[in-house]
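Here are the chains, one letter per residue:
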There are 2 protein chains.
Amino acid sequence: MNSINSYIKNNKQRFLDELVDLLKIPSISADKAYKKDVLNTADFVLESLKKAGCDQVEMCETPGYPIIYGEKIIDKDLPTILVYGHYDVQPADPIELWSSPPFEPVIKKTEIHPEGAIFARGSCDDKGQMYMHVKALEYMTSTGNLPCNVKFMIEGEEEVGSESLAWFVPRNKEKLANDVILISDTGMIANDIPSITTGLRGLSYVEVEVTGPNRDLHSGLYGGAVANPINILTKMIASLHDENNRITIPGFYDNVEDLSTEERAEMSKAPFSLENYKKSIAIGDVYGEEGYSTNERNAIRPTLDVNGIWGGYIGEGAKTVIASKAYAKISMRLVPNQDWKEITELFKNHFESIAPKAVSVKVTPHHGGQGYVTPIDNIAYQAASKAYETTFGKTPIPQRSGGSIPIVALFEQELKSKTILMGFGLNSDAIHSPNEHFGVWNYLKGIETIPYFYTYFTDLHQQQ
Amino acid sequence: MNSINSYIKNNKQRFLDELVDLLKIPSISADKAYKKDVLNTADFVLESLKKAGCDQVEMCETPGYPIIYGEKIIDKDLPTILVYGHYDVQPADPIELWSSPPFEPVIKKTEIHPEGAIFARGSCDDKGQMYMHVKALEYMTSTGNLPCNVKFMIEGEEEVGSESLAWFVPRNKEKLANDVILISDTGMIANDIPSITTGLRGLSYVEVEVTGPNRDLHSGLYGGAVANPINILTKMIASLHDENNRITIPGFYDNVEDLSTEERAEMSKAPFSLENYKKSIAIGDVYGEEGYSTNERNAIRPTLDVNGIWGGYIGEGAKTVIASKAYAKISMRLVPNQDWKEITELFKNHFESIAPKAVSVKVTPHHGGQGYVTPIDNIAYQAASKAYETTFGKTPIPQRSGGSIPIVALFEQELKSKTILMGFGLNSDAIHSPNEHFGVWNYLKGIETIPYFYTYFTDLHQQQ
């Protein structure tokens, strides 16, 4: 099967050109203004699956954006891989911090990506990584190398909580029946340190609104006598962490799994340089929960971060105003065993309870999802590990990620199958940030590695 | 001199029409986009002073917006009144909360203003109150009733800190020489409870910026391990008040004047209904420094209010991001004896000192000014009191305001004269807020009252 290398060599430019075309469409699911673009992207994905050799391709309507389904069933006795990915992207702001426009992809060399990286919103998360699977399928079908059945399910609301997918999956269990779910929507440690993500954090995302007076007030005439919603909001948010940076919401840690000393020792073996970490994002120091290392803080421990805050006068110059309202978007990353709905409820009750009488508070749950852990003793993990060994020449390291793909826990619940997370992006690829990019080397390495997974998984499955 | 009543009656509609024309120009000094409008407003004021009978009118250039100067000197042996006002206005946002466009003035009746109020940004603060003086002058010059000399100094940067005025005044002491400074840029208790403002708070306005990582980060991949600038900013701001709502900046209260029990008892006699106060702005409770009443909290006590805060994703939907930067605009209202430059320095040092090593902090002073107290035993206060008695039929109550006109302290320092604050607006007029308005009755009552002040002040001055 080393025909994959020559196939990639012969089609490299086309693989890049097609991805660039896909990245040009601003499929921002969070902002209704981009609705048409999101739908155009769905069309693009549908056509690409047809061309890649799927026998049956469908635009599945949902209460929100459509889900693209495609399949190629070659033999009912062979195992079936379900590929999941998403065609929507994060908003691009702050736009002014992009060195090139977010939806005009350009390939530039960087220190970490000497062969060039594609700069565009969605290049890594997840259009680039999703499209690797489409191109890997194209290779397997066009060269007669597809060893098993394959199904694709590509959604358009991952960045806003996958609500329509959560609606779709339970209604289509038979159509989606599979032996393993394959996703590339995570990262690896470095191009020379391949890793497989074995854990994901859960998520609870809420929006809070604090209302003081019924109109903006003059800060001189009312200042000091009336609760200022912004001051109150800062006090309320600040109180959500104690002096050890532990979250103060009663019950928050009740179900958090405490890892054994051995497990923590094992985790700490992953290559990590605190100095490089600090340097890569230019911080004077790291900051987090007492008693845990940086890698533990963003993998096995839950968090509470304000993702956005606003209120009052934020224009040029000065305005001496006491705002009527102040707002924040707050997300909590959760670890396995924490139930996101329960945590959302705990947050809501606590946040409402700490508000002084002088203001009113509204907590609106946005979306959420459960955490997930992949067992490393199953054949999917073993097949993936072997695939990386083949193409990287190194055994990948199992690694828990701080990120969330809430839908993974739902897949297990509804479809009774495990998910394997083969991510080819890097943390430094700036997903969700300005100047998101995806290494050309990584893109092609993904296309190269995926068919090996198909083969090894089919083999191991047949041996069972 | 009751010819003033018939003069107002005969010219009422024109007085309103002229003010409406003035209010149509969006002279927002805080936003450079309105530069041309601010300059057009300066022209308007200049022309209006010519028409009102000033002998000499000048557009005085400054490093910023021009100051309009006008004078009518009738006899060097008579006293001179210097009228100060401003032609710039606050920004109008949040625009969507206005019931009519902020620069398309309309007259509507309200519960408090049964004769109608002019709704427009600047209607009360300060175009409407400033223009009362222009029309009062017109009456006095056109009917031969001007009893003394008068000078006008109308600036265009009051809402952004009066920097150019602070530059202009020391350079023009002779031109501005006067026996009293007269300002209508404050309010009174109610239309049937006239009051004269005898105290103003000082102001220190700063902007703070907290920087964490050098780019926005994915809150899953980095959350929990990296200081989130928004969380840190909320913690820093929250720490600026203690559990008794006292400001925690070391040295902040050092020079705050402690009023005697007698003085506080005297102050508490001013008519005030806590229930009506709460109802008027729809709050569940008041909120402020322990041990002080509502009227004390916003008159004799200093404050610290966040006037604006922003950071991270504030658009529609959700974005799981750790922002690189978070910002706030913070103002402190100061009481007499607190030096605004010293307080600004105390704030800066303290705020920088409480930042954890994981972030960097920048504090940028915006502008400020000293507080002020008018003695009630001088002839200017007595003349004003008599003028109100004549037109309102009631002795006005001396009242400390929570607002700031920082330039007043500078006037005393540079021009060695006292300021008398004859305000005709009401707290409920929503200055600095959406739906700012100014009662038609108040506008005309101001025009009626001002000439009496001229007469009584001249009389008392001659008797000295």
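Please read all numbers here as calculations on a predicted model, not as lab measurements.

**A few points about the UniProt feature "domain: Peptidase M20 dimerisation" (unreviewed entry) in chain A**
1) Next: The feature "domain: Peptidase M20 dimerisation" (unreviewed entry), as given by UniProt, occupies residues 199-357 of chain A in the numbering adopted here.
2) Next: Each end of residues 199-357 of chain A is marked by a C-alpha atom, and these two atoms are 42 Å apart; helix forms 26% of the span and strand 23%.

**Overview of the sheet that holds strand E5 (residues 117-119) of chain A**
Residue and element names in this part refer to chain A.
1) Next: What the 3 strands build is an open sheet, ordered E4-E5-E20; its pairing is antiparallel. One side of each edge strand has no neighbouring strand; the edge strands of this open sheet are strand E4 (106-108) and strand E20 (437-439). Neighbouring strand axes in the sheet, compared pairwise and without regard to direction, differ in orientation by 30° on average.

**Digging into the state of the cysteines**
Here a disulfide denotes a covalent bond joining the sulfur atom of one cysteine to the sulfur atom of another.
1) Next: Overall, the coordinates contain 0 disulfides over all chains when judged by the stated rule.
2) Next: B:Cys54 supplies the cysteine sulfur nearest to B:Cys60, a cysteine that is in no disulfide, at a spacing of 12 Å.

**A word on the domain arrangement of chain A**
Residues and elements named next belong to chain A.
1) Next: The domain boundaries assigned to chain A delineate domain 1 (3-200 + 371-463) and domain 2 (202-256 + 302-369).
2) Next: Just the C-alpha atoms count here: the centres of domain 1 and domain 2 sit 35 Å apart.
3) Next: Taken together, the 12 residues of domain 1 in the interface contact 8 residues of domain 2.
4) Next: When the two sides are added together, the surface that domain 1 and domain 2 hide from each other amounts to roughly 700 Å², 54% of it contributed by carbon and sulfur.
5) Next: Sorting the residues of domain 1 by area buried against domain 2 places Gly-371, Ser-404 and Pro-406 first, and these three jointly supply 52% of that buried surface.
6) Next: Joining domain 1 to domain 2, the criterion identifies 0 salt bridges.

**Concerning the packing of aromatic side chains**
In this description, an aromatic ring pair is defined by two values, namely the gap between the centres and the angle between the planes.
1) Next: Scanning the model with the defined rule gives 32 aromatic pairs over all chains in all.
2) Next: Look at A:Phe392 and A:Phe424: their rings are 6.4 Å apart centre to centre, the planes differ by 15°, and that puts the pair in the stacked class. In this pair, A:Phe392 is assigned in helix H10 (residues 379-392) and A:Phe424 in the loop between strand E18 (419-421) and strand E19 (425-426), connecting sequence segments 32 residues apart. Judged on exposure class, the residue A:Phe392 and its partner A:Phe424 are both buried.
3) Next: On the numbers, 5.5 Å between centres and 35° between planes, the contact of B:Tyr388 with B:Phe392 is tilted. Of this pair, B:Tyr388 and B:Phe392 both sit in helix H10 (residues 379-392), 4 residues apart, which is roughly one turn of that helix.
4) Next: One aromatic cluster is present, formed by A:Tyr388, A:Phe392, A:Phe424 and A:Trp441 through successive ring pairs.
5) Next: Note that A:Lys108 overlies the ring of A:Phe119, its terminal NZ or CZ placed 4.5 Å from the centroid.
6) Next: Here A:Arg246 stacks its cationic end above the ring of A:Tyr253, 4.1 Å away from the centre of that ring.

Parameters at a glance
- Residues numbered from 1 in each chain as written.
- Chains lettered and ligands numbered in written order.
- Predicted model: local features only at pLDDT ≥ 70, side-chain atom pairs only at ≥ 80, totals over all residues.
- Heavy atoms only, no water.
- UniProt positions renumbered as here; feature names shortened; annotations may be inferred.
- Helix = DSSP H or I, 4+ residues; strand = E, 2+ residues; numbered from the N terminus.
- Pairing = 2+ DSSP bridges.
- Axes fitted to C-alpha atoms, helices over the stretch in contact; angles between N-to-C directions.
- Disulfide = S-S within 2.5 Å.
- Domains from an automatic or database assignment.
- Contact = heavy atoms within 4.5 Å.
- Buried area = accessible area lost by both parts, 1.4 Å probe.
- Salt bridge = Lys/Arg side-chain N within 4 Å of Asp/Glu carboxyl O.
- Phe/Tyr/Trp six-rings, centres within 6.5 Å; stacked < 30°, edge-to-face > 60°.
- Buried < 20%, exposed > 50% of the residue type's maximum accessible area, 1.4 Å probe, protein only.
- Lys NZ or Arg CZ within 6 Å of the ring centre and 35° of its normal.

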